[in-house]
Amino acid sequence: MLSEPAPGRAEVGAARRRKEDARLVTGRTRWTDNIQLPGMLYVAFLRSPMAHARLTRVDVSGALGLPGVVAAFSGRDLADEQGSLPCAWPVTEDIVIPDHPPMAVDEVRYAGEAVACVVATDRYRAADALEAVEVDYDPLPPVLDMTEALTEGSPKVHEQGNRSFVWKFAAGDIGAAFQDAPVVVERTYVQQRLIPSAMEPRAVVAQSDGDAFTLYSATQIPHILRIMLASVTGIPEHKLRVIAPDVGGGFGSKLQVTAEEVILLLLARRLGKPVKWTESRSEGNLTVHHGRDQLQRISLAAEADGRIRGLKVDLLADMGAYLMLVTPGIPLLGAFMYNGIYKMDAYDFTCTGVFTTKMPTDAYRGAGRPEATYAIERVMDELAHELGLDPVEVRRRNWIRHEEFPYATIAGLTYDSGNYEAATDKALALFGYDKLRAEQADRRERGDHVQLGIGTSTFTEMCGLAPSRVLGSLSYGAGGWEHADVRMLPTGKVEVVTGSSPHGQGHETAWSQIVADALGVPFEDVSVVHGDTAVSHKGMDTYGSRSLVVGGIAVLRACDKVKEKARQIAAHMLEASPDDVEFAEGTFRVRGTDAGKTIQEVALATFAAHDLPDGVEPSLDSSATFDPENFSFPHGTHLCAVEVDTETGGVKIRSYVAVDDVGKVVNPMIVEGQVHGGLAQGIAQALFEEAVYDAEGNLLTTTMADYLLPSAADLPDFVTDRTETPATTNALGVKGVGEAGTIASTPAVVNAVVDALRPYGVHDVPMPCAPERVWRAINGGAA
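Everything numeric here is computed off the predicted structure, so don't read it as measured data.

**Observations concerning the overall build of the protein chain**
- The helix and strand inventory of the protein chain stands at 20 helices and 28 strands.
- What you see for the protein chain is a C-alpha radius of gyration of 28 Å, in line with the 28 Å of a compact globule of 783 residues.
- Taking the principal axes of its C-alpha atoms as reference, the protein chain extends roughly 85 × 70 × 50 Å.
- Scored against the burial criterion, the 783 residues of the protein chain give a buried share of 62%.
- In the protein chain, the proportion of contacts linking residues at least 24 apart, taken out of those at least 6 apart, comes to 79%.
- Accessible area for the protein chain stands at about 28600 Å²; split by element, carbon and sulfur atoms hold 50% of it.

Next up, the structure:
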């Protein structure tokens, strides 16, 4: 059974079990790979084994005579119609955006790039037939190191060169901030390349019906995908329907317009039959866009008491071989967050986007914000060490105080609300900070070979992407609004159609709670529809912790419109003026009397339409499109204690406390799940995950045996709690939670590892902090 709020209590704030889980966890739902259509064919892609080479011959004829093979195509066969995969974020006027064919035509630029495809009557015959496709490659030198890629004489990924863009931001007098500064801390950090690993691999089904097409895809962005596919393929937008069935996770990896989606549409058009492709896990590791991969050069100037004067960031960001949907914008989202929760006089940021012969990077959980938070939180620990101060104390001396909100930051954002003091105090108490510091001192004094390290991470993030005008000023190719429809059915039930397309976040439950309170109907009487552009015709989809703070507010505003329409009809039914009719707990009442009509009674009367006020249409259904006035800014303090075996380099997380402030909470159970999942991903970057290429540009981490994802056994029990400072920029007071755990946890863990090793003169351990790297750091070896 669903847990229910106590009688008379609001739904918002109740820990409801998720409506959608029963079908999701039992598999009684429709994933894209489950879809079976009459006459369906299956597609397999031949992928380049080389990182960089000219294609001198691609011959698919050998596959065509094999049993079950219906068709086979090279990139050249489709060159006239496949177009170029889109980049929707040209961050500078002179940015280099090379053509990006879905299947390579003349040259391959990363291992795994598609060079041919086979269509067969089942997926196994299609895969087997790839062996009969003959390809001749003329090898070219790979480009793997960002720094070397920018040097004169480096091999070129594209004829235009290896530099895609240089983007700058500056505020305050950075020269004055560093001149004669008592303390200057300079560090270089590496954000290793990560591979998103959603539970559900990518899958695509395409079918044609005359001149109309339907595409099913495990995507986060059905609405954006529809627009982009129409522009790439030439299929008119109104002739293209995109459906995202239940989607098993994304983390940004499905915020994309992929080569496979384009090619399958073209194949459905050519062959007149439905076609399906589902990736294998190793295929996904090669070709799902990767995350992070940045080189951060950080300089911080401070006073002798630890107050920050200025911050300089020089960032190299690996774009990979091409610019995908929002690739160049990802590091720039971090540009506004390197200052974190801190006050300073000057800030200077430069980002250079660099092409390499690797899989393109793009959005991955947090998208630029985790990288920025990592850098500032690591360098704050370094500042504390330089001054001989406690890391928490250095943060206290610099953070924005709660009475200073709203606060205009040095990076040009206005934080609307927050209380860093309250979150930190609660975290310290739950963690037992002073007791752990005393134990650490004792272990150091005894020379224990297992050292204790304590890591701090205080963070905020910009999420709820966000005001369309702001996104436009950053050259982003779309707005930040969201749309919702609320339909009152004749029987008093409610249908919500949301443009925010979920892939595990719990929209159906949270939206039902919002609507139940807004309209005074039972939670069980609300259903939520999403993910089909023929039903949910308008939306900006799901990413950037925007679902609740943008999509949820659109739902609430549509409910308000439903109530206003119903008020007119209820007043007519009650023979009263609409100005005298109040609404509470699902009932319209004449002020000062017991006379009332429930919203369900009004809905039925509206459907019958026998006696409506003159000029009032017989419908309560309402729509709303919400464009936020600002980003939202959740924050929190995370504390981590690790034990490091100095003889083996092994790291064990002993305790982890996370206190987050996500504003008003709609469903605590969903918030807990989001935080736990985020912590797992952030800790994984700190200790486990890394995409590794060899000197020839071959990806070595193509399987789960090579790419280390943590299991439950690798993670500690988390202690989580919350403070609550409501957002002031939306009616619910909500902020975002989907990325918070990932953003805060990585620096907390690495700070703890480095803290344990301070007696050994260690100031950094490159991520992931695997035992060998920790051991080499202790023993002075190269990482």
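**Some thoughts on the sheet that holds strand E20 (residues 494–498)**
- On the basis of which strands lie adjacent, the open sheet formed by 4 strands has the order E21-E20-E19-E25 and mixed pairing. Two strands bound the open sheet, and with one partner strand each, they are strand E21 (526–529) and strand E25 (622–626). Here the strands of the sheet are splayed against their neighbours by 20° on average, with no regard to which way each runs.
- The pairing of strand E19 (residues 482–488) with E25 spans 5 bridges and is antiparallel. Looking across to E25, one finds that Val-486 is bridged to Ser-622.
- Lying over the sheet, helix H16 (residues 547–573) contacts E19, E20 and E25, oriented at roughly 145° with respect to E25.

**As for helix H18 (residues 668–687)**
- The end-to-end C-alpha distance of H18, which contains 20 residues, comes to 28 Å, matching closely the 28 Å that a straight helix rising 1.5 Å per residue would cover.
- Counted residue by residue, H18 has 15 buried out of 20 residues, so it is predominantly covered.
- Its side-chain oxygen placed 2.9 Å from the backbone nitrogen of Met-669, Asn-667 serves as the N-cap of H18.

**A short note on the environment of Ala-695**
- Within the secondary structure layout, Ala-695 lies in the loop between H18 and strand E28 (718–722).
- Owing to a relative accessible area of 64%, Ala-695 belongs among the exposed residues under this scheme.
- For the pair formed by Ala-695 and Val-143, sequence separation is 552 residues and the distance between their alpha carbons is 9.3 Å.
- Ignoring anything within four residues of it in the chain, the contact list for Ala-695 reads Pro-142 and Leu-144.

**Overview of the packing of aromatic side chains**
- Under the defined criterion, the tally for this structure stands at 14 aromatic pairs.
- Consider the rings of Trp-167 and Phe-349, whose centres lie 5.9 Å apart with planes at 70°: the pair is edge-to-face. With a gap of 182 residues between them, Trp-167 in strand E7 (residues 163–171) and Phe-349 in strand E15 (residues 346–355) connect regions that are remote in the sequence.
- Using a relative accessible area of 0% as the deciding quantity, one classes Phe-349 as buried.
- Judged by centre distance (6.5 Å) and plane angle (40°), the ring pair of Tyr-347 and Phe-349 falls under tilted.
- Its relative accessible area of 0% is what places Tyr-347 among the buried residues.
- Grouping aromatic residues by their ring pairs yields a cluster made of Trp-167, Phe-169, Phe-336, Tyr-338, Tyr-347 and Phe-349.

**A few points about the pairing of strand E1 (residues 41–47)**
- Across the 7 residues of E1, 7 count as buried, placing the element largely inside the fold.
- In terms of strand pairing, E1 meets strand E12 (residues 275–278) through 2 bridges, oriented parallel. From the neighbouring strand, Leu-41 faces E12, where its bridge partner is Val-275.
- Two strands pair when backbone bridges link them, and E1 and strand E5 (residues 114–120) are joined in this way by 6 bridges, in the antiparallel orientation.

**Focus on the packing of H16 against helix H17 (residues 599–608)**
- It is at 10 Å that the axes of H16 and H17 come closest, and there the two elements cross at 80°. Judged by the angle between their axes, H16 and H17 are roughly perpendicular. Counted together, Val-562, Ala-566, Ile-569, Ala-570 and Met-573 of H16 and Ile-599, Glu-601, Val-602, Ala-605 and Thr-606 of H17 form the full contact between these two elements.
- Split into classes, the residues belonging to the contact of H16 with H17 amount to 8 nonpolar, 1 polar and 1 charged.

**Points about unusual backbone geometry**
- Of note, the bond from Phe-405 into Pro-406 is cis; its omega dihedral lies within 30 degrees of zero at -5°.
- Along the polypeptide, Pro-406 turns up in the loop between helix H11 (391–396) and strand E16 (407–408).
- The omega torsion of the bond from Met-767 to Pro-768 falls at -10°, within 30 degrees of zero and hence cis.
- Residue placement: Pro-768 occurs in the loop between helix H19 (740–756) and helix H20 (771–778).
- In this structure, Asp-541 takes a positive phi of about 75° despite not being glycine.
- For Glu-575, which is not a glycine, the phi torsion comes out positive at approximately 55°.

Calculation notes
- Each chain carries its own residue numbering, running from 1 in the direction its sequence is written.
- At least 70 in pLDDT is required for a residue's local features to be given in this predicted model, at least 80 for side-chain atom pairs to be given and counted, and no such filter applies to totals for whole chains, interfaces and linings, which use all residues.
- Only hydrogens and water are removed before side-chain values are computed, so all heavy atoms of the structure are retained for them.
- Numbered from the N terminus, helices here are DSSP runs of H or I no shorter than four residues, and strands are runs of E no shorter than two.
- In this treatment the radius of gyration is a C-alpha quantity, and the globule benchmark scales as 2.2 Å times the residue count to the 0.38 power.
- Per-residue accessibility, obtained with a 1.4 Å probe over protein chains only, is compared with the maximum for each type, and a residue is labelled buried under 20%, exposed over 50%, and partly exposed between these values.
- A contact between two residues is defined here by any heavy atoms of the two lying within 4.5 Å.
- Each accessible area value is a Shrake-Rupley result obtained with a 1.4 Å probe; residue values ignore everything except the protein chains displayed when judging cover.
- In this description, strands pair whenever DSSP reports at least two bridges between them.
- Fitted lines through C-alpha atoms give the axes, limited to the stretch in contact for helices. The angle between two N-to-C directions lies from 0 to 180 degrees.
- The span one expects for a helix is its residue count, reduced by one, times 1.5 Å.
- Any N or O atom pair separated by 3.5 Å or less is treated as a polar contact, with the protein-specific requirement of one donor-capable and one acceptor-capable atom, and with residues adjacent in sequence counted only for side-chain atom pairs.
- In this scheme Phe, Tyr and Trp rings, the latter by its six-membered ring, pair at centre separations within 6.5 Å, and the angle between planes marks the pair as stacked below 30 degrees, edge-to-face above 60, and tilted otherwise.
- In this scheme, roughly parallel covers angles under 35 degrees and roughly antiparallel covers those over 145, while 65 to 115 is roughly perpendicular and the rest are oblique.
- For this classification, Asp, Glu, Lys and Arg are treated as charged, while Ala, Val, Leu, Ile, Met, Phe, Trp, Tyr, Cys and Pro are nonpolar and the rest, including Gly, are polar.

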